[in-house]
Amino acid sequence: MPANRDEIAAAFLRRALRYGFRRTSVEDVARALRISKKTIYEHFAGKDAMLEYALTLAALEQRRRVEVRLTEATALGRVLQVTRMALADARAGFAQNPGLELADPEVQAQVNDRVHGSLVRDLLEQGVAAGEFHVADVDMTSRFVQAVGMEAIRQMHDDPQSRPEEACVEAVRRLVAGGPMARPPSGRPAAPAEGAAVRVAAPDPPAQAGRGPRRGRRVPRPRRAEHEESDGDVTR
């Protein structure tokens, strides 16, 4: 039985994630499915159309799968839950396939934006509307959330013993809802956030006549002339 439209698109996406969009050809997909290129062109005008359709299918399927598992009551809680799910799925995939390579970054970025990005954007908009938090740019915040998640997944892939999940979830929480800034490793106080009030110490009051200098302050001693005679005359 010839492959249908969904099967062709899914086969193309699998190869594109592994080898990259540019290195995946219509002929590769036809060979993998044991069909002719003509059959593929009966469904799609070319690679761009296959990728677009495949991303749409993946987004719908992933959203259905995730939404039925969401249990948190707040929008922020659901954003963090989605993040944990994505990280857990990635770790499970690496455990089942130890030699699994990371997907092509260009295609993966499109998958993330279509599959996870739309869900995160909707949750951010819900949180803003409910007054849970304030996000000035929902789209940019969603992209930052995806970037943090991808970096954690990359770390898990490169070092299976690493445990970046909680640090990733905390970073996402701060991106969305803010929080206290961590103290830098050097021990110096962190720079204040933009727009935060800054306390400036008041200057010391001027010394009053007849009173000595304030305790703890050094008074500069007058500088002696470079050439001084014993009788007090100064050589010019």
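Structure shown above.
Residues numbered from 1 in each chain as written. Predicted model: local features only at pLDDT ≥ 70, side-chain atom pairs only at ≥ 80, totals over all residues. Heavy atoms only, no water.

Caption draft 1: Highlighting the overall build of the protein. Tallying secondary structure elements over the protein gives eight helices and zero strands in all. In sequence order, the protein lays out its α and β elements as α-α-α-α-α-α-α-α. Long-range contacts, defined here as pairs at least 24 residues apart, represent 63% of the contacts in the protein between residues at least 6 apart. Element-wise, carbon and sulfur atoms account for 52% of the exposed surface of the protein, whose accessible area totals about 16600 Å². (Helix = DSSP H or I, 4+ residues; strand = E, 2+ residues; numbered from the N terminus. Contact = heavy atoms within 4.5 Å. Areas by Shrake-Rupley, 256 points an atom, 1.4 Å probe, with all protein chains shown as cover.)

Caption draft 2: View of the nonpolar core. Grouped together as the largest cluster of nonpolar side chains are 27 residues, with contacts concentrated most on L124, F133, I153, V172 and V176. Broken down by element, this core gets its largest block of residues, nine residues, from helix α5 (residues 75–96). Judged by nonpolar contacts, the second largest core, of 22 residues, contains A11, F12, V29 and A54. (Core = buried A, V, L, I, M, F, W, Y, C linked by side-chain atoms within 4.5 Å. Buried < 20%, exposed > 50% of the residue type's maximum accessible area, 1.4 Å probe, protein only.)

Caption draft 3: Spotlight on unusual backbone geometry. Positioned with a positive phi, R34 is a non-glycine residue whose angle comes to about 60°. On the secondary structure map, R34 appears in the loop between α2 (26–33) and α3 (37–43). Residue classification places R34 among the exposed residues on the basis of a relative accessible area of 80%.

Caption draft 4: View of a nonpolar patch on the surface. A contiguous nonpolar patch, built from M140, F144 and L175 and spanning about 270 Å² of accessible area, is present on the exposed surface. Mapped onto the elements of the fold, F144 is located in helix α7 (residues 138–158). (Patch = residues over 30% accessible without salt bridge, like charges linked within 9 Å, V, L, I, M, F, W, Y side chains within 5 Å. Salt bridge = Lys/Arg side-chain N within 4 Å of Asp/Glu carboxyl O.)

Caption draft 5: Expanded view of the pattern of salt bridges. According to the stated counting rule, one finds 14 salt bridges in the structure shown. For E27, the salt bridge identified is with R31, shortest N-O distance 3.2 Å. Here R31 and E27 lie together in helix α2, a separation of four residues that amounts to about one turn. Taking relative accessible area as the criterion, E27 reaches 43% and is therefore assigned partly exposed. Between E170 and R174 there is a salt bridge whose closest N-O contact spans 2.9 Å.

Caption draft 6: Layout of the packing of helix α6 (residues 105–130) against α7. Relative orientation of the contacting elements α6 and α7 amounts to 125°, with a least axis distance of 9 Å. When the axis of α6 is compared with that of α7, the two are oblique. The two elements α6 and α7 cross, and the hand of that crossing is right-handed. Residues Q108, N112, D113, G117, V120, R121, L124 and E125 of α6 lie in contact with α7, whose contacting residues are V138, D139, T141, S142, R143, V145, Q146 and M150. Of the residues contributing to the contact of α6 with α7, the split by class is five nonpolar, six polar and five charged. (Axes fitted to C-alpha atoms, helices over the stretch in contact; angles between N-to-C directions. Parallel < 35°, antiparallel > 145°, perpendicular 65-115°, else oblique. Left-handed = near helix turned anticlockwise from the far one by under 90°. Nonpolar A, V, L, I, M, F, W, Y, C, P; charged D, E, K, R; others polar.)

Caption draft 7: Summary view of the packing of aromatic side chains. For the structure on display, the rule yields two aromatic pairs. Measuring from ring centre to ring centre gives 6.0 Å for F12 and F21, while their planes differ by 85°; the resulting arrangement is edge-to-face. F21 shares its class with F12; the two are buried. Residues F44 and Y53 carry aromatic rings whose centres are separated by 5.7 Å and whose planes lie at 55° to one another, so their mutual orientation is tilted. Classification of F44 by relative accessible area gives buried; the value is 2%. The exposure class assigned to Y53 is partly exposed, which follows from its relative accessible area of 23%. The ring of Y53 carries R5 above its face, with NZ or CZ at 4.4 Å from the centroid. A cation sits over an aromatic face here: K47 above F21, 4.6 Å from the ring centre. (Phe/Tyr/Trp six-rings, centres within 6.5 Å; stacked < 30°, edge-to-face > 60°. Lys NZ or Arg CZ within 6 Å of the ring centre and 35° of its normal.)

Caption draft 8: Looking closely at the side chain of E165. As for its position among the elements, E165 is in helix α8 (residues 165–177). Within the local environment of E165, its side chain forms a polar contact with the side chain of R91, the two groups lying 2.5 Å apart. Beyond its immediate chain neighbours, meaning those up to four positions away, E165 contacts L87, R91 and M156. (Polar contact = N/O pair within 3.5 Å; in protein donor to acceptor, adjacent residues only side chain to side chain.)

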